[in-house]
Amino acid sequence: MFHVNSEVGALKHVILHEPGLDFERLTPDNKDELLFDDVVWVSRAKEEHRAFQQLLRERGVTVHLLHDLLAETVKTEEAVAFVLDRVLDDRQPHLGAALAGAARQVLTAMGPGDLATHLLGGLSKRELSEALGERRGPSRSFALDLLADDDFVLPPLPNSLFTRDTSCWVYDGVCVNPMRKAGRRRETVNYEAIYNFHPMFAESGAQRWIDGEAMAPAVIEGGDVEVIGNGTVLVGLGERTTPAGVEILARRLFEAGSARRVIAVELPKARAFMHLDTVMTMVDRDAFTLFTGLDRAGLRSWTLTPGARQVPDVCENTDLFAAIAAALGLDRVRVLQAEQDTFSARREQWNDGCNLLAVAPGSVIAYEVNEHSNRMLEDNGIEVLRIRGDQLGRGRGGPRCMSCPIERDAV
Ligand SMILES: NC(=O)NCCC[C@H](N)C(=O)O
């Protein structure tokens, strides 16, 4: 059965998403809404991603690709209906019943591989009209008339690249997260379908800590959730995750006895720090990187522990890293901050210099562009496995964001 018992123990299985049609749809006009900072050279992005996959495989990690999992999921009528009922909800402002019905007709007629491609990559009016062809029914949709040929009936989901955020495993269960930004909300449906219907997960007996659809508008995103071990989870409270989201997760973990402590950390509410893992990740049994621009003494944090009547007890910590060390049963933890001028510190944080994916204790994957940060890690005895991310990084996420571990040992 899958489980994630730490941030840095040996990584065994991971879900990644290789960019595809979803990346091809990014344009200067839609990139902001789709949370990218630039359009992407798609074939180079794929190359970069394949090198990332290859590196993981060389390190003994089994890579599961999201498109494959989704294609294997939508092989039954039940799974297809589950997904389409949700993504073609006719109350969505641009849809309406007639257009939702037409899109359903087209998507249902596809094979599982094509359906997965369009669930991730979207469906344009042009594609819909071509597929409908002669099969166009009697009910005309004025919603369809209102769209231009290249407008989307189903928008693309290029942030599926960041598999960490939409689904994250915490000890013996998984959170299928409700997403803060409209451009990412449909990602949740894809994972709900996978965890409900894919044979690898449906019978796995894993706990479901967070059920995205049921939990919104409370938000929790996986980039904010770090399973630091010893029954402890660290959660960031920044631009995305809400206090209610943290409480719900804590309550569920405590009820099941799967965690004893949740430490919530306040972050600046800005895009550059959208998730905890954009400023801080665990890199070894006793070590964390922290963005140089953050004053470690000034970070506010709270520890939640099981309380009476399902409400966690909360106590504010005087020092975040002392609280983490105590939770891990250590005298102290090492906080690694690159010594660099503020220009290079800001630049490297923007390029995900703190966003590291550990494959084993003290061994992390990092973007090569972050020269100072990577050198600093090596000076502190951390092995840095460098990958190129010029294109992948344009959505503002690094190796940790781009991976959803589903099996990882404790340390
Ligand atoms: N964990 C992360 O920090 N993920 C990066 C997500 C980037 C994506 N463009 C977003 O804005 O949600």
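Quick caveat: nothing in here was measured; it's all calculated off a predicted structure.

### Remarks on the site of the ligand
Part 1: The full set close to the ligand counts 15 residues, and Leu35, Gly223, His275, Gly397 and Cys401 are the nearest of them.
Part 2: Tallied by class, the residues present in the shell around the ligand amount to four nonpolar, six polar and five charged.

### Some words on the packing of helix H4 (residues 77-87) against helix H10 (residues 185-197)
Part 1: Packing of H4 against H10 leaves a shortest axis separation of 10 Å and a crossing angle of 160 degrees. If you check the angle between H4 and H10, you find them roughly antiparallel. Seen along the crossing, H4 lies across H10 with a hand that is right-handed. Side by side, H4 and H10 meet where Glu78, Ala79, Phe82, Val83, Arg86 and Val87 of the first sit next to Arg186, Val189, Ala193, Asn196 and Phe197 of the second.
Part 2: Classifying every residue of the contact of H4 with H10 gives seven nonpolar, one polar and three charged.

### What to know about the domain arrangement of the protein
Interface size is commonly expressed as the accessible surface area that is lost when the partners come together.
Part 1: Under the domain assignment used here, the protein contains domain 1 (3-66 + 158-408) and domain 2 (69-154).
Part 2: Each of domain 1 and domain 2 was reduced to a C-alpha centroid, and the two centroids are 32 Å apart.
Part 3: Contacts between the two partners involve 17 residues from domain 1 and, on the opposite side, 16 residues from domain 2.
Part 4: Contributions of two or more residues to the side of domain 1 that touches domain 2 are made by helix H1 (21-24), strand S3 (62-65) and H10.
Part 5: Class assignment of the residues belonging to the side of domain 1 that touches domain 2 gives a composition of eight nonpolar, six polar and three charged.

### Quick word on the sheet that holds strand S10 (residues 232-237)
Part 1: Pairing within the open sheet is mixed, and its five strands lie in the order S9-S10-S11-S14-S15. For this open sheet the edge positions go to strand S9 (225-229) and strand S15 (313-316), each flanked by a neighbour on one side alone. Here the strands of the sheet are splayed against their neighbours by 25 degrees on average, with no regard to which way each runs.
Part 2: Across four bridges, the pairing between strand S14 (residues 301-305) and S15 is antiparallel. In the sheet register, tryptophan 302 faces S15, and the bridge partner there is glutamate 316.
Part 3: Docked against the sheet, helix H13 (residues 243-256) engages S10, strand S11 (261-266) and S14, running at close to 170 degrees with respect to S11.

### Describing helix H15 (residues 342-350)
Part 1: Residues of H15 that are buried: Ala345, Glu348 and Gln349. Looking straight down H15, one finds that the buried residues subtend no more than 100 degrees of arc, so they occupy a single side.
Part 2: Of the surrounding secondary structure, the elements contacted by the buried residues of H15 are helix H16 (371-379).
Part 3: Aspartate 352, located one to two residues past H15, shows a positive phi value of around 65 degrees.

### Considerations on the nonpolar core
Across soluble globular proteins, nonpolar side chains show a tendency to be buried alongside one another.
Part 1: Counting 118 residues, the largest nonpolar core has Ala103, Val170, Cys175 and Val262 as its most contacted members.
Part 2: For this core, the element with the highest residue contribution is helix H5 (residues 96-108), accounting for six residues.
Part 3: Each of domain 1 (3-66 + 158-408) and domain 2 (69-154) contributes no fewer than three residues to this core.
Part 4: The residues touching valine 262, leaving out its near neighbours within four places in the chain, are Val233, Val235, Val246, Leu249, Ala250, Leu253 and Leu304.

### Looking at the packing of helix H3 (residues 66-73) against H10
Part 1: At their nearest, the axes of H3 and H10 sit 9 Å apart, and the two run at 60 degrees to each other. On the basis of their axis angle, the class for H3 and H10 is oblique. Classified by chirality, the crossing of H10 by H3 is left-handed. In this structure, H3 uses Leu69, Leu70 and Thr73 to contact H10, whose residues at the interface are Asn190, Ala193, Ile194 and Phe197.

### Some remarks on the pairing of strand S13 (residues 287-290)
Part 1: As defined by bridge partners, strand S12 (residues 280-284) adjoins S13 across four bridges and the pair is classed as antiparallel. Note on S13: the bridge partner recorded for aspartate 284 is alanine 287.
Part 2: In sequence, S12 turns back onto S13 through a hairpin of two residues.
Part 3: One ladder, built from three bridges, connects S13 with strand S16 (residues 334-336); its direction is parallel. Along S16, the bridge assignment pairs threonine 289 with leucine 336.

### Regarding the sheet that holds strand S17 (residues 357-360)
Part 1: Here we have three strands laid out as an open sheet, ordered S17-S18-S19, and mixed in their pairing. Every other strand in the sheet has two partners, leaving S17 and strand S19 (383-387) as the edge strands with one partner each. When strand polarity is set aside, the average angle formed by the axes of neighbouring strands in this sheet is 30 degrees.
Part 2: As paired strands, S17 and strand S18 (residues 363-367) are joined by three bridges and run antiparallel to one another. Bridging across to S18, alanine 358 finds its partner in valine 364.
Part 3: Sheet contacts for helix H2 (residues 42-58): S17, S18 and S19; angle to S19, the most-contacted strand, approximately 150 degrees.

About the thresholds
Residues numbered from 1 in each chain as written. Predicted model: local features only at pLDDT ≥ 70, side-chain atom pairs only at ≥ 80, totals over all residues. Near = placed C-beta within 6 Å. Nonpolar A, V, L, I, M, F, W, Y, C, P; charged D, E, K, R; others polar. Axes fitted to C-alpha atoms, helices over the stretch in contact; angles between N-to-C directions. Helix = DSSP H or I, 4+ residues; strand = E, 2+ residues; numbered from the N terminus. Parallel < 35°, antiparallel > 145°, perpendicular 65-115°, else oblique. Left-handed = near helix turned anticlockwise from the far one by under 90°. Contact = placed C-beta atoms within 7 Å. Domains from an automatic or database assignment. Pairing = 2+ DSSP bridges. Buried ≥ 20, exposed ≤ 12 C-beta atoms within 10 Å, placed from the backbone. Arc of directions from axis to C-beta. Core = buried A, V, L, I, M, F, W, Y, C linked by C-beta atoms within 7 Å.

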